[in-house]
Amino acid sequence: MAELDMTSSAPLTDALPSEEGEYLSFLLGHEEYGIEILKVQEIRGYDAVTQIPNTPTFIKGVVNLRGKIVPIVDLRIKFNLENIEYNEFTVVIVLNLSGRVVGVVVDGVSDVIALNQAQIEPMPSLVTGIDTKYIIGLATYEERMLILVAIEELMASQEIGLIDDASV
């Protein structure tokens, strides 16, 4: 499992959904992740971005999406994954987070999965090398395990700061 570049190891147990919800599953490296489908605006192929000087390496730049300037964050770089390759499967998930549009680069999207509370477990405390501050929990679905990401909190984090954390 990839090591996340975060600072806290307290799981977001308050963020566990209390009822069934739908999640978009996507790939980063060899792991499958999930984010709430209600935060997804659209999925696009990866196109060239306009790079902005003096930004962190995980912020690839910006794109003009129908007249709106949208920052693009490469989650593969943010999560310290190796062998980052841009190919025909690389996509940008465009998110609407508290009224702010942000794109995240992932290796590919899988599908939309309906999960209920019984399928979601908090991150085990024995996992010490991985920061779980922005991880909602682990979900099991048809022999698969998904790492559920608290994407709004991640984008509002001090390292990224793309959305106002007062709105999260």
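The model shown is predicted, which means the values in this text are computed figures rather than measured ones.

**Concerning the nonpolar core**
Okay, step 1: Membership of the largest hydrophobic core comes to 30 residues, with the highest contact counts inside it found for Ile35, Val73, Leu75, Ile93, Ile151, Leu154 and Met155.
Okay, step 2: Counting only elements with at least two residues in this core, the list comes to strand E1 (21–28), strand E2 (31–36), strand E6 (91–97), strand E7 (100–106), strand E10 (135–141), strand E11 (144–149) and helix H2 (151–156).
Okay, step 3: The biggest single contributor to this core is E6, with four residues.
Okay, step 4: In this structure, Ile151 is in contact with Ile35, Lys39, Leu75, Leu95 and Leu97, ignoring residues within four places of it in sequence.
Okay, step 5: With nine residues, the next largest nonpolar core counts Leu115, Ile120, Leu148 and Ala150 among its residues.

**Focus: the environment of Val105**
Okay, step 1: Take Val105: it is sitting in strand E7.
Okay, step 2: The sequence separation of Val105 and Leu28 amounts to 77 residues, and the corresponding C-alpha distance is 9.1 Å.
Okay, step 3: With near-sequence residues (within four places) excluded, Val105 lies in contact with Leu28, Tyr46, Ile72, Val73, Asp74, Leu75, Arg76, Tyr86, Thr90, Val91 and Val92.

**Some details on unusual backbone geometry**
The bulk of non-glycine residues show a negative phi, and the bulk of peptide bonds are trans.
Okay, step 1: Located in the positive-phi region is Asn54, a residue other than glycine, with phi close to 60°.
Okay, step 2: Within the element layout of this structure, Asn54 appears in the loop between strand E3 (40–45) and strand E4 (59–65).
Okay, step 3: Phi is positive for Glu143, close to 70°, though the residue is something other than glycine.
Okay, step 4: Within the secondary structure, Glu143 is located in the loop between E10 and E11.

**A short note on the sheet that holds E4**
Hydrogen bonding along the main chain pairs the strands of a sheet, whether they run parallel or antiparallel.
Okay, step 1: The five strands lie next to each other as E3-E6-E7-E5-E4, forming an open sheet whose pairing is mixed. Of all strands in the sheet, those with a lone pairing partner are E3 and E4, marking the two edges. Mean inter-strand twist for the sheet, computed between neighbouring axes without regard to direction, equals 30°.
Okay, step 2: Note that E3 and E6 share five bridges and pair antiparallel. For Ile43, the partnering residue across the bridge sits in E6 and is Ile93.

**Examining the sheet that holds strand E9 (residues 120–121)**
Okay, step 1: As summarised here, the arrangement of the six strands in space is E8-E1-E2-E11-E10-E9, forming an open sheet in which the pairing is mixed. Unpaired on one side and paired on the other, strand E8 (108–115) and E9 mark the two borders of the sheet.

**What about the packing of aromatic side chains?**
Okay, step 1: With the rule as written, the count across this model stands at three aromatic pairs.
Okay, step 2: The interplanar angle of 15° and the centroid separation of 5.8 Å between the aromatic rings of Phe26 and Tyr33 together place this pair among those described as stacked.
Okay, step 3: With relative accessibility at 1%, the residue Phe26 sits in the buried group.
Okay, step 4: Relative accessible area serves as the criterion here: at 2%, Tyr33 is assigned to the buried category.
Okay, step 5: Ring plane angle 35° and centroid distance 4.7 Å describe the contact between Tyr46 and Tyr86, whose orientation is recorded as tilted. In this pair, Tyr46 sits in the loop between E3 and E4 while Tyr86 sits in the loop between helix H1 (75–78) and E6, placing the two residues 40 residues apart along the sequence.

**Some details on the pairing of E10**
Okay, step 1: Within E10, five of the seven residues are buried, which leaves the element mostly enclosed by the surrounding structure.
Okay, step 2: When E9 meets E10, the two strands line up antiparallel, connected through two bridges. Within E10, the residue paired with Ile120 across the bridge is Ala139.
Okay, step 3: Note that E10 and E11 share six bridges and pair antiparallel. If you follow Thr140 over to E11, its bridge partner there is Met145.
Okay, step 4: What sits between E10 and E11 in their antiparallel hairpin is a turn of two residues, with Glu142 showing a positive phi close to 45°.

Criteria and cut-off values
Residues numbered from 1 in each chain as written. Predicted model: local features only at pLDDT ≥ 70, side-chain atom pairs only at ≥ 80, totals over all residues. Heavy atoms only, no water. Core = buried A, V, L, I, M, F, W, Y, C linked by side-chain atoms within 4.5 Å. Buried < 20%, exposed > 50% of the residue type's maximum accessible area, 1.4 Å probe, protein only. Helix = DSSP H or I, 4+ residues; strand = E, 2+ residues; numbered from the N terminus. Contact = heavy atoms within 4.5 Å. Pairing = 2+ DSSP bridges. Axes fitted to C-alpha atoms, helices over the stretch in contact; angles between N-to-C directions. Phe/Tyr/Trp six-rings, centres within 6.5 Å; stacked < 30°, edge-to-face > 60°.

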